[in-house]
Amino acid sequence: ALSPDDVLKIVDLELARAATRTGLLRRNLRLDVSPAARARLAELGWHPTRGARPLKRVLEDRVVSPVAALLADDPTLRDRTLAVDPDGRVTVVAHGA
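About the criteria used
Residues numbered from 1 in each chain as written. Predicted model: local features only at pLDDT ≥ 70, side-chain atom pairs only at ≥ 80, totals over all residues. Heavy atoms only, no water. Helix = DSSP H or I, 4+ residues; strand = E, 2+ residues; numbered from the N terminus. Buried < 20%, exposed > 50% of the residue type's maximum accessible area, 1.4 Å probe, protein only. Contact = heavy atoms within 4.5 Å. Areas by Shrake-Rupley, 256 points an atom, 1.4 Å probe, with all protein chains shown as cover. Lys, Arg positive; Asp, Glu negative; His and termini not counted. Charge placed at Lys NZ, Arg CZ, Asp CG, Glu CD. Salt bridge = Lys/Arg side-chain N within 4 Å of Asp/Glu carboxyl O.

**Student:** Looking at this structure, I do not really get the overall build of the protein chain. What am I missing?
**Tutor:** The helix and strand tally for the protein chain stands at 4 helices and 3 strands. Expressed as lengths along the three principal axes of its C-alpha atoms, the size of the protein chain is roughly 45 × 20 × 20 Å. Split into buried and exposed, the 97 residues of the protein chain put 34% on the buried side. A separation threshold of at least 6 residues defines the contact pool for the protein chain, and within that pool the share at least 24 residues apart is 56%. In the form shown here, the protein chain has an accessible surface area of approximately 6,000 Å², with 54% of it arising from carbon and sulfur atoms. Here the protein chain carries 16 positive and 13 negative side-chain charges, and the mean point of each set is 5 Å from the other.

**Student:** Which parts of the structure should I look at to understand the pattern of salt bridges?
**Tutor:** When the charged atoms of two side chains lie near each other, side chains of opposite charge can form a pair. If you walk through the whole model with that rule in mind, you get 5 salt bridges. Among the salt bridges present, the one from arginine 17 reaches glutamate 14, with a minimum N-O distance of 3.0 Å. With arginine 17 and glutamate 14 both in helix H1 (residues 4–19) and 3 residues apart, the pair spans about one turn of that helix. Between arginine 89 and aspartate 87 there is a salt bridge, with its nearest N and O atoms 3.1 Å apart.

Put into structure tokens, the structure is as follows:
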């Protein structure tokens, strides 16, 4: 059985993987997922009998798809930080260096 800390570690690993996607790297975009958002992803991605199996779907629905939609809406978006909130909203928050 996975502990809540184990699920949170899996969330962090999957978010790190998502942050290395080609579309983000080419545009010099960074993901900033707040501790509250990470906790919410872990909560939604864990099931009592299935463990963390639902997590990939949750991350796709609440992080990857919203980021992809944002990039599709603004093809010139680059050199920024994208913040993910606990409700799965992604916003552009800062210029990058």
